[in-house]
Amino acid sequence: MATKKITEEAPNLIETFKEFKDTKNIDRTTLVSVLEESFRSVLSKYYHGDENIDVIVNPDKGDFEIYLNRIVVPNGEVEDVNKQISLADAQKIEPDYEVGEEVTERIDFNKFGRRAILVLRQTLASKILELEHDSLYQKYKDRVGEVISGEVYQMWKREVLVVDDENNELILPKMEQIPGDSYRKGETIRAIVHEVKNDNNNPKIILSRTSPVFLQRLLEAEVPEIADGLISIKGIARMPGERAKVAVESYDERIDPVGACVGVKGSRVHGIVRELCNENIDVINYTQNTKLYIQRALSPAQVSSISIDEEGKKAEVYLQPDQVSLAIGKSGLNIKLASMLTGYTIDVFREVENMDEEDIYLEEFEDAIEPWIIDSIKNIGLDTAKAVIKAPREMLVEKADLEEETVDEVLRILKAEFEQPENEQ
């Protein structure tokens, strides 16, 4: 009964990997090579080498043949039974054999028993896995930055498993997902190939939907002028799922780059906005004029004047009081994106016209108030002590992102400066 079971397992082994060929898209030549190599690896342990062994595999039919080649030597002079055969034994196979000729015998793999079959299975599985890993790495190693579509297969807390059209597994980590993204098993999603790792021949394909490159590729696909090279994307800054700024330049003076990217009534950018979970996209004209570039990056705010420190990559921007909140944006988003896009650290100041002679600039309080607190307040357009005192307490807490206790202490210090002692009243 044991022999019968082993006999059934051997051909099934080939059938298994015939199915693997169909599902993993491995070409016939490669599969034959791997199968032959696996058989040789197992047989070499029994015959102390494989140089005199022939393995013929036909994966299409699901069969294989193994042949052992030995040299005929005079009777009594056999030194290695795996490579030599006595004349008497050779003539039992075929009476015409003579000393020095080669005898080829077909080997029944089943005679090596269940253990050999299990070892062969493991060897095959290992080699096929290596082949699969190498195939995956070769497929994606040169595709970093390319948009691909995949099907959501599994969702976990820290990542989403995506499969491509060949059932290869790709990873979309939590940090590369847009905050507004939600996934359902079986749905198709788009992302860029962000990174391809191959540690210890174990490739890992990392996808991203938060990279600026993803937005760039979407624009290239949606705007023909970019694909044709008439418009160039000079810079992208993103807060994924919230807002993005894109700087574009036209190489044809007849083409308005901003209008071409946005489209009639926003037709071209609408599809991208939906893809990015309603991420607002501001498109601006690029210029090499740094001051003008920063001014455009801060839109929709209207800038009064700009002071540039080229060495330190810093810019001081002055605006009318009603433009300060526009420049900063909700939660400081607009100014952050402008800084990311231009590469400059931007400080916003409110223009003070006819400042009260008794008013005092906040810098004068650096001995009593920590500089970072002063900077936080100045960033929302309040430069003087009286401007801070007049500002709503809630605005200082929310927009300057300060603790309530900190705001109360700042107000106490500033108010104390303008209070006269009783003997002077």
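See the structure shown above.
Residues numbered from 1 in each chain as written. Predicted model: local features only at pLDDT ≥ 70, side-chain atom pairs only at ≥ 80, totals over all residues. Heavy atoms only, no water.

(A) Spotlight on the packing of aromatic side chains. All told, the structure shown has two aromatic pairs when counted by the stated rule. Here Tyr 286 and Tyr 293 contribute two aromatic rings whose centre-to-centre distance is 5.0 Å and whose plane-to-plane angle is 75°, an arrangement assigned as edge-to-face. Look at Tyr 286 and you get partly exposed, because its relative accessible area is 23%. Summarising the aromatic geometry, the rings of Tyr 318 and Phe 349 are spaced 5.2 Å apart at their centres and angled 25° between planes, so their arrangement reads as stacked. Note that Tyr 318 is positioned in strand β14 (residues 314-319) and Phe 349 in strand β15 (residues 345-350), a separation of 31 residues in sequence. Here Phe 349 falls in the buried class, since its relative accessible area comes to 10%. Its guanidinium or amino end placed over the ring of Tyr 153, Lys 185 lies 5.1 Å from that ring's centre, counting from NZ or CZ. (Phe/Tyr/Trp six-rings, centres within 6.5 Å; stacked < 30°, edge-to-face > 60°. Buried < 20%, exposed > 50% of the residue type's maximum accessible area, 1.4 Å probe, protein only. Helix = DSSP H or I, 4+ residues; strand = E, 2+ residues; numbered from the N terminus. Lys NZ or Arg CZ within 6 Å of the ring centre and 35° of its normal.)

(B) A look at helix α8 (residues 267-275). Restricting attention to buried positions, one finds in α8 the residues Val 269, Ile 272, Val 273 and Glu 275. Buried residues of α8 fall within an arc of 160° about the axis and therefore sit on the same side. Buried positions along α8 lie against β8 (188-199), α5 (212-222), α7 (257-262) and β12 (280-285). After α8 finishes, the residue Cys 277 shows a positive phi value of roughly 60°. (Arc of directions from axis to C-beta. Contact = heavy atoms within 4.5 Å.)

(C) Summary view of the environment of Ala 116. Secondary-structure assignment places Ala 116 in helix α4 (residues 113-140). A residue is classified by how much of its surface remains accessible, and Ala 116, at 0% relative accessible area, is buried. Sequence separation of Ala 116 and Val 42 is 74 residues, and the distance between their C-alpha atoms is 7.0 Å. Excluding its chain neighbours within four sequence positions, the residues that come into contact with Ala 116 are Val 42, Tyr 46 and Phe 109.

(D) Focus on the packing of α5 against α8. Remark: α5 packs on α8, axes separated minimally by 10 Å, with the N-to-C direction vectors making an angle of 145°. In the packing of α5 onto α8, the handedness of the crossing is right-handed. Together, Phe 214, Leu 215, Leu 218, Leu 219 and Glu 222 of α5 and Arg 268, Ile 272 and Glu 275 of α8 make up the contact between the two elements. For the contact of α5 with α8, a count of residues per class yields five nonpolar, no polar and three charged. (Axes fitted to C-alpha atoms, helices over the stretch in contact; angles between N-to-C directions. Left-handed = near helix turned anticlockwise from the far one by under 90°. Nonpolar A, V, L, I, M, F, W, Y, C, P; charged D, E, K, R; others polar.)

(E) Up close: the sheet that holds strand β11 (residues 243-250). The mixed open sheet is built from three strands, whose spatial order is β10-β11-β12. The two strands at the open ends of the sheet, each matched to only one other strand, are β10 (231-239) and β12. In this sheet, adjacent strand axes meet at a mean angle of 20° when their direction is disregarded. In the sheet, β10 pairs with β11 via eight bridges, with the strands oriented antiparallel. Across the sheet, Ile 231 pairs through a bridge with Ser 250, a residue of β11. (Pairing = 2+ DSSP bridges.)

(F) Examining the environment of Glu 132 more closely. Residue placement: Glu 132 occurs in helix α4. Residue Glu 132 is classed as partly exposed on the basis of its relative accessible area, which comes to 25%.

(G) Molecular detail of the packing of helix α10 (residues 321-328) against helix α11 (residues 333-342). The interhelical angle for the contact between α10 and α11, taken along N-to-C directions, is 65°, at an axis separation of 5 Å. Judged by the angle between their axes, α10 and α11 are roughly perpendicular. Each of Leu 326, Ala 327 and Ile 328 in α10 lies in contact with α11, whose residues at this interface are Leu 333, Asn 334 and Ile 335. (Parallel < 35°, antiparallel > 145°, perpendicular 65-115°, else oblique.)

(H) Quick peek at the sheet that holds strand β13 (residues 303-309). Pairing within the open sheet is mixed, and its three strands lie in the order β13-β14-β15. Two strands close off the open sheet at either side, each with one partner strand: β13 and β15. Each strand axis lies, on average, 20° off the axis of its neighbour in the sheet, ignoring direction. Relative to β15, β14 runs parallel, the two sharing six bridges. Bridge assignment links Leu 319 to a residue of β15, and that residue is Arg 350.

(I) Examining the side chain of Glu 176 more closely. Tracing the sequence through the fold places Glu 176 in the loop between β7 (169-173) and β8. Of the side chains with opposite charge, Arg 238 lies nearest to the buried Glu 176, which makes no salt bridge, at 8.0 Å. Looking at Glu 176, its side chain comes within polar contact range of the side chain of Thr 210, at 3.0 Å. Among residues more than four places away in sequence, those in contact with Glu 176 are His 194, Leu 207, Ser 208, Arg 209 and Thr 210. (Lys, Arg positive; Asp, Glu negative; His and termini not counted. Salt bridge = Lys/Arg side-chain N within 4 Å of Asp/Glu carboxyl O. Polar contact = N/O pair within 3.5 Å; in protein donor to acceptor, adjacent residues only side chain to side chain.)

(J) Highlighting the environment of Asp 108. By the element assignment, Asp 108 lies in the loop between β4 (102-107) and α4. Accessibility expressed as a relative area gives 46% for Asp 108, which makes it partly exposed. In this structure the C-alpha to C-alpha distance between Asp 108 and Tyr 67, which are 41 residues apart in sequence, comes to 8.9 Å.

(K) Inspection of the pairing of strand β5 (residues 147-155) at higher detail. Where β5 meets β8, five bridges bridge the pair, whose relative direction is antiparallel. Bridge assignment links Val 147 to a residue of β8, and that residue is Ile 192. In this structure, the hairpin formed by β5 and strand β6 (residues 159-163) is closed by a connection of three residues.

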